[in-house]
Amino acid sequence: METLVFGLLNGVSYGLLLFMLSSGLTLIFSMMGVLNFAHASFYMLGAYFAFTISGSSSFWIALFLAPVLVGLIGAAVERYGLRRVHPNGHVAELLFTFGLAYLIEEVVKIVYGKTSVDYRVPDLLNFAAFEVYGASFPAYRLFVIVIAIAMLIGLWYLLKKTRAGLIIQAALSHPHMVGHLGHNVPLIFMTVFGIGCALAGLAGVMAGNIFVTDPAMAIQMGPIVFVVVVVGGIGSLEGAFVASLVIGLLQNLAVGINASFADIFGFIGLSELSEVGRINISSLAPVLPFLLLVLILIFRPQGLMGEKEL
Amino acid sequence: MTEPMLSVKDLHAYYGKSHVLRGVNLEIMPGEVIALLGRNGVGRSTTAKAIMGEVAPKGEITFRGEPIAGLESHKIARMGLGYVPEERDIFPTMTVRQNLLMGVKDTRNPGRHTIDDMLDMFPNLRARADNQAGVLSGGEKQMLTMCRTLMGDPELIIIDEPTEGLAPKIVQQIGDMIVEIAKTGVAILLVEQKLSIALRIAHRVYVMGHGEIVYGGTPADFATRDDVRAEWLEV
Ligand SMILES: Nc1ncnc2c1ncn2[C@@H]1O[C@H](COP(=O)(O)OP(=O)(O)OP(=O)(O)O)[C@@H](O)[C@H]1O
Ligand SMILES: [Mg+2]
């Protein structure tokens, strides 16, 4: 029972973190027309910046400052990098983001070293929020859920309820026309890229101390975020939201299932001792997102809620 | 003599290596309605796009005395030059009202026209004000794009083939609408194919052939020039 409750709660908090990453990526995709391979690198930068800032001041300052810094770096990358590469086509853009991802990783290694840094949950939130059947749920994870939901509402309000949000959406789908109506489309694009990166940075601030903050964290997270965006339907925020939660829950619930193939298929004679029989369901958790990706591409190429096929 | 509002001198434009505009010259006075005629593919839309900064222009373009050749499109728009492209680029997932709102450049300093003025002027749009723009008919979409551009309070509007693919009755309505817009003092450069509508509403007519202007004159003069029509317009 407690594994189910914890699996659900962990799944939701992980799913919301995934959405923080995938919402930015999907907005940026609508704008560039290609996936940004460096997106998870901004997530990593968020975690490292939070480590540095919370070391010299406090976590609470880091919570605001780190995403802002990451957003500014993102805006600069768009303004001085992508904007110049864009006229040379999609392949050039893709290669640019690829190079950028490695560049950021190497810089991080030079500055912070190759091993993980000791970025910790703030003391104020380092307690058990509640207990279920003797097992405790960390308060910090609840905090992550609250911040993520606040961000979700903020993003939804900006995009759906304000004129600026309508202009952003129109600029993503009809950039030329929006320019002819007198709106500064290059500035809008820089802002969208900056906001997307800032959201990734915020995810890094909050996830870096739950998981590990090391130079490999971008490469580990990147593929899962791609899976979310493709499964949700590229360019669709609603789809990214659903896919984030589905993948978050799938992975966390699977981890909690402590049964082996032999337990399940024992009735057909599968032995505990055979290679296949020994496989534990929980060890399949990392496979699930990619299995979902492959199935979606075969059976529903436009994704759960996307309009256009890849 | 007053200064022209828009003046284009020796305008060239290229798509890759193909030289599409080969020295276009034209002028538009304040409040004037100009029709730009020509066969398919002679470069009328490209002229509009080069003026609006959507294809790279070579040559001199001045709007109200300021050079605009090669400026970013939002800067050109903010100087008071509106553009209704051939594609009727409405925002399909937004409502008619939201589309109109997108035409306002600065909400703190809106133009002469309000959303209600537009809906009063065009009852078809009022009936659909809260519908998604994507479900409108071709004629309604055309009206909406024109109204959306008017919301930005331009001094001159370039309208590219507003009647293309529309039924004769709707063509008539669009013509009336352009006359209405012109009455508010806005100058219009109308790219057209249909002689009837162009001659009805234009103060002056230009004819384009192979990337340059081959004729310019009043509708009355144009009516006498069978040679121009035979050589550059009839198919
Ligand atoms: N994006 C483009 N790339 C390459 N060539 C183009 C492009 N757009 C137009 N052209 C070519 O440039 C020429 C002029 O096109 P333009 O669109 O200006 O014609 P037009 O006079 O508006 O005619 P119509 O609208 O009836 O097609 C045509 O020969 C066309 O094939
Ligand atoms: Mg054309």
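Below is a summary of the structure that appears in this document. (Residues numbered from 1 in each chain as written. Chains lettered and ligands numbered in written order. Predicted model: local features only at pLDDT ≥ 70, side-chain atom pairs only at ≥ 80, totals over all residues. Heavy atoms only, no water.)

Attention now goes to the packing of helix α2 (residues 39-56) of chain A against helix α9 (residues 217-232) of chain A. All names here are of chain A. Relative to each other, α2 and α9 sit at 135 degrees, their axes nearing to 8 Å. Comparing the axis directions of α2 and α9 gives the class oblique. When the axes of α2 and α9 are compared, the crossing they make is right-handed. Here α2 contributes Ala40, Ser41, Tyr43, Met44 and Ala47 to the contact with α9, which in turn contributes Met217, Ala218, Met221 and Gly222. Here the residues of the contact of α2 with α9 are counted per class, giving seven nonpolar, two polar and no charged. (Axes fitted to C-alpha atoms, helices over the stretch in contact; angles between N-to-C directions. Helix = DSSP H or I, 4+ residues; strand = E, 2+ residues; numbered from the N terminus. Parallel < 35°, antiparallel > 145°, perpendicular 65-115°, else oblique. Left-handed = near helix turned anticlockwise from the far one by under 90°. Contact = heavy atoms within 4.5 Å. Nonpolar A, V, L, I, M, F, W, Y, C, P; charged D, E, K, R; others polar.)

This paragraph deals with the site of ligand 1. Residues and elements named next belong to chain B. As a matter of local geometry, ligand 1 sits amid Tyr15, Val20, Arg39, Asn40, Gly41, Val42, Gly43, Arg44, Ser45, Thr46, Glu86 and Glu161. Here an oxygen atom of ligand 1 and a backbone polar atom of Gly41 are 2.8 Å apart. Surface burial for ligand 1 is 59%, taken as the share of its 620 Å² of free accessible area covered by protein chains. Tallied by class, the residues present in the shell around ligand 1 amount to three nonpolar, five polar and four charged. (Near = heavy atom within 4 Å. Polar contact = N/O pair within 3.5 Å; in protein donor to acceptor, adjacent residues only side chain to side chain. Areas by Shrake-Rupley, 256 points an atom, 1.4 Å probe, with all protein chains shown as cover.)

Here we take up the sheet that holds strand β1 (residues 6-15) of chain B. Residues and elements named next belong to chain B. Read from one edge of the open sheet, four strands run β2-β1-β4-β5, paired in antiparallel fashion. For this open sheet the edge positions go to β2 (18-28) and β5 (66-67), each flanked by a neighbour on one side alone. With five bridges joining them, β1 and strand β4 (residues 58-63) adopt antiparallel strand pairing. Opposite Lys9, over in β4, you have Glu60 as the bridge partner. Along the sheet, helix α1 (residues 44-52) makes contact with β1, β2 and β4, crossing β1 at roughly 110 degrees. (Pairing = 2+ DSSP bridges.)

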